[in-house]
Amino acid sequence: MGKQPYVCGLDAAVDVIDGKWKVLIIWALNHQRCRFGELRRLVPGVTEKVLTQQLRELEADGIVHRESYDMKPPKVEYSLTGLGDELNTALGPLGAWGKRRMAALEEAGQG
């Protein structure tokens, strides 16, 4: 689904996680399966339309797996693929850096 050809590895990674919501969705799916409503609660502020769009794009990029169960009412769960787990692990240091930045901003009276 990405643009290609990429200039470097970081370019390829940013193409997949482009935007605010995808990273938060990936983070929310860390080691757990979630239904759509659960994801909406775990990613505050995301609209239903945007969450649907982002999940479709992440699925097309091979990051998220969508499992549909044949039952009434219909049940759909989302989880990370192996590639998604790798990406989530790679995002860990970025999240830690962000926490340090938030603390520094708060300490400086800017948070």
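Attention in this report is confined to the structure presented alongside it. Everything numeric in this text was worked out from a predicted model, so none of it was measured. (Residues numbered from 1 in each chain as written. Predicted model: local features only at pLDDT ≥ 70, side-chain atom pairs only at ≥ 80, totals over all residues. Heavy atoms only, no water.)

**A word on the packing of aromatic side chains**
Formally: Any two rings among Phe, Tyr and Trp, with Trp reduced to its six-membered ring, count as a pair given centres within 6.5 Å; such a pair is stacked if its planes are under 30 degrees apart, edge-to-face if over 60, and tilted if neither. The rule for a charge over a ring is simple: NZ of Lys or CZ of Arg within 6 Å of the ring centre, and within 35 degrees of the ring normal.
Taken as a whole, this structure holds zero aromatic pairs when the rule is applied. Note that lysine 20 overlies the ring of tryptophan 21, its terminal NZ or CZ placed 4.8 Å from the centroid. Note that lysine 75 overlies the ring of tyrosine 69, its terminal NZ or CZ placed 5.2 Å from the centroid.

**Thoughts on unusual backbone geometry**
Rule in force here: Secondary structure elements are defined from DSSP: runs of H or I of at least 4 residues count as helices, runs of E of at least 2 residues count as strands, and each element is numbered from the N terminus. Between buried and exposed lies partly exposed: a residue is buried under 20% and exposed over 50% of the maximum accessible area for its type, with that area taken using a 1.4 Å probe on protein chains only.
Here the amide bond leading from lysine 72 into proline 73 is cis, since omega sits at -5 degrees, within 30 degrees of zero. Relative to the assigned elements, proline 73 resides in the loop between β1 (64-69) and β2 (75-80). In this model, histidine 31 sits at a positive phi of 60 degrees, which is unusual for a non-glycine residue. With respect to the element layout, histidine 31 can be found in the loop between α2 (20-28) and α3 (36-42). Classification of histidine 31 as exposed rests on a relative accessible area of 72%.

**What to know about the pairing of β1**
Note the following rule: By definition, two strands form a pair when at least two bridges between them are found by DSSP.
Summarising the sheet, β1 and β2 pair through six bridges and their orientation is antiparallel. Looking at the pairing, tyrosine 69 lines up with lysine 75 of β2. Where β1 hands over to β2, the hairpin turn is made up of five residues, counted between the paired strands.

**Here we look at the packing of α2 against helix α5 (residues 82-107)**
Where we set the bar: Angular values range over 0 to 180 degrees, each being the angle between N-to-C directions of two axes fitted as lines to C-alpha atoms, with helices fitted over their stretch in contact. Angles below 35 degrees are treated as roughly parallel, those above 145 as roughly antiparallel, those between 65 and 115 as roughly perpendicular, and all remaining angles as oblique. Here, residues are in contact when the closest pair of their heavy atoms is within 4.5 Å. Gly is put with the polar residues, along with every residue not named as nonpolar or charged; the nonpolar set is Ala, Val, Leu, Ile, Met, Phe, Trp, Tyr, Cys and Pro, and the charged set is Asp, Glu, Lys and Arg.
In the contact formed by α2 and α5, the axes pass within 10 Å of each other and the chain directions differ by 105 degrees. It follows that α2 is roughly perpendicular to α5 by the angle criterion. Packed against α2, whose contacting residues are Val23, Ile26 and Trp27, the element α5 presents Gly84, Leu87, Asn88, Leu91 and Gly92 at the interface. A per-class count over the contact of α2 with α5 returns five nonpolar, three polar and no charged.

**Quick look at the packing of α2 against helix α4 (residues 48-60)**
One way to put it is that α2 packs onto α4 with a least axis distance of 10 Å and a crossing angle of 75 degrees. Looking at the two axes, α2 sits roughly perpendicular to α4. Facing Trp21, Lys22, Ile25 and Ile26 of α2, the residues of α4 in contact are Val50, Leu51, Gln54, Leu55, Glu57 and Leu58. Within the contact of α2 with α4, the residues separate by chemical class into seven nonpolar, one polar and two charged.

These figures come from the coordinates and say nothing about function on their own.
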